[in-house]
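Understanding the architecture of this molecule
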Amino acid sequence: METYKTILSKLDVRQFDSKKVPAEVKLKVLEAARASGTGNNRQEWRFILVQEKETLKKLAEDSTSGGWVVSANFAVIVAAAPTPSFHLIDAGRAVQNMELAAWEQGVISGIYTGVKDEEMSKDFAIPSTLKPSTSMGTSSILRS
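Here is a short report on the structure shown in this document. Small disclaimer: the values here were computed from a predicted structure and weren't measured.

**A short note on the nonpolar core**
Counting residues in hydrophobic clusters, the biggest one holds 22 residues, and the most contacted among them are Val50, Leu59, Val69, Ile77, Met120, Phe124 and Ile126. When residues of this core are traced back to their parent elements, those giving at least two are strand 1 (45–50), helix 3 (53–61), strand 2 (74–80) and strand 3 (108–112). Non-local contacts of valine 69, meaning those with residues more than four positions away in its chain, are made with Leu56, Leu59, Ala60, Ala75, Tyr112 and Gly137. Val29, Phe74, Val76 and Val95 belong to the second largest nonpolar core, which has 16 residues in total.

Below is the structure:
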């Protein structure tokens, strides 16, 4: 799919089918995040793959706006160093790359930014030098 068409056709969804996303697609999504540019090329972030039902449930509980992620096939937490001040832009760039890479592979996604910082940091062993910035939930097919 060409980039422009991917951007214009991409959908954000909050309801997912139970169909599994292949491991090679997950790897492409994570690689798209890793390849994202950052301010000053600092890359002070971590991407945490969440794919077990119990951990997806915990991720939903650690959210203030993403309870729907419990029904995703997998999710990715983006944690970034809170300084410099542009860390949220860097996290957004990574999420955008992941969403577009997923969409090109036929995988739908949605994001949320409402997180309970302390709970998520504890539950997902996020180092104290990083702050959870956003999460993206994904699945293969939109429920009808």
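Here the narrative resumes.
**Some words on the pattern of salt bridges**
Two side chains with opposite charge may pair up if their charged atoms get near one another. On inspection of all chains with the given rule, the structure shows 6 salt bridges. We note a salt bridge from glutamate 99 to lysine 10, for which the minimum N-O separation is 3.2 Å. Placement of the pair is glutamate 99 in helix 4 (residues 87–104) and lysine 10 in the loop between helix 1 (3–9) and helix 2 (23–34), with a sequence separation of 89 residues. Here aspartate 123 ties to lysine 58 by a salt bridge, and the two come within 4.0 Å at their closest N and O atoms. Here the residue aspartate 123 occupies a position in helix 5 (residues 117–123), and lysine 58 occupies one in helix 3, the gap between them amounting to 65 residues. Since its relative accessible area comes to 31%, lysine 58 is described here as partly exposed.

**Here's the deal with the environment of lysine 131**
Following the sequence through the fold, lysine 131 ends up in strand 4 (residues 131–139). Remark: the alpha-carbon pair of lysine 131 and alanine 81, spanning 50 residues in sequence, is separated by 6.0 Å. Not counting residues within four places of it along the chain, the set of residues in contact with lysine 131 comprises Val78, Ala79, Ala80, Pro82 and Asp117.

**Observations concerning empty space enclosed by the protein**
Here the structure, examined in full by the defined rule, presents 1 cavity of 30 Å³ or more. In this structure, the largest cavity is lined by Thr38, Arg42, Gln43, Glu44, Trp45, Ala80, Ala81, Thr83, Pro84, His87 and Asp90. When grouped by side-chain class, the residues that make up the lining of the largest cavity number 4 nonpolar, 4 polar and 3 charged.

**Quick look at a nonpolar patch on the surface**
A contiguous nonpolar surface patch, about 350 Å² in accessible area, is contributed by Tyr4, Ile7 and Leu8. Its place among the elements puts leucine 8 in helix 1.

**Focus: the side chain of serine 36**
Assignment of secondary structure puts serine 36 in the loop between helix 2 and strand 1. At a separation of 3.2 Å, a polar atom in the side chain of serine 36 contacts the main-chain carbonyl oxygen of alanine 32. Among residues more than four places away in sequence, those in contact with serine 36 are Gln43, Trp45, Arg93, Ala94 and Asn97.

**A look at the packing of aromatic side chains**
Each pair of aromatic rings is reported with the distance of its centres and the angle of its planes. Under the counting rule described, the total for this entry stands at 2 aromatic pairs. Ring geometry for tryptophan 45 and phenylalanine 47: centres 4.9 Å apart, planes at 55 degrees, overall tilted. Assessed through its relative accessible area of 8%, tryptophan 45 is described here as buried. Judged by centre distance (5.8 Å) and plane angle (90 degrees), the ring pair of tryptophan 68 and tyrosine 112 falls under edge-to-face.

**Section: the environment of serine 18**
Looking at the secondary structure, you find serine 18 in the loop between helix 1 and helix 2. In this structure the C-alpha to C-alpha distance between serine 18 and leucine 88, which are 70 residues apart in sequence, comes to 31 Å.

**Concerning the pairing of strand 4**
By the criterion of burial, strand 4 is predominantly enclosed, with 8 of the 9 residues buried. In this structure, strand 2 lies alongside strand 4, joined through 7 bridges in antiparallel fashion. Counterpart to alanine 75 in the pairing with strand 4 is glycine 137. As judged from the 5 bridges shared by strand 3 and strand 4, these two strands associate in the antiparallel manner. Note that in strand 4 the partner of isoleucine 108 across the bridge is serine 139.

The rules we used
Residues numbered from 1 in each chain as written. Predicted model: local features only at pLDDT ≥ 70, side-chain atom pairs only at ≥ 80, totals over all residues. Heavy atoms only, no water. Core = buried A, V, L, I, M, F, W, Y, C linked by side-chain atoms within 4.5 Å. Buried < 20%, exposed > 50% of the residue type's maximum accessible area, 1.4 Å probe, protein only. Helix = DSSP H or I, 4+ residues; strand = E, 2+ residues; numbered from the N terminus. Contact = heavy atoms within 4.5 Å. Salt bridge = Lys/Arg side-chain N within 4 Å of Asp/Glu carboxyl O. 1 Å grid on protein atoms, 1.4 Å probe; cavity = no way out; pocket = protein on both sides within 12 Å on 5 of 7 lines; lining within 4 Å. Points joined across faces, edges and corners; volume = space filled by probe spheres on them. Nonpolar A, V, L, I, M, F, W, Y, C, P; charged D, E, K, R; others polar. Patch = residues over 30% accessible without salt bridge, like charges linked within 9 Å, V, L, I, M, F, W, Y side chains within 5 Å. Areas by Shrake-Rupley, 256 points an atom, 1.4 Å probe, with all protein chains shown as cover. Polar contact = N/O pair within 3.5 Å; in protein donor to acceptor, adjacent residues only side chain to side chain. Phe/Tyr/Trp six-rings, centres within 6.5 Å; stacked < 30°, edge-to-face > 60°. Pairing = 2+ DSSP bridges.

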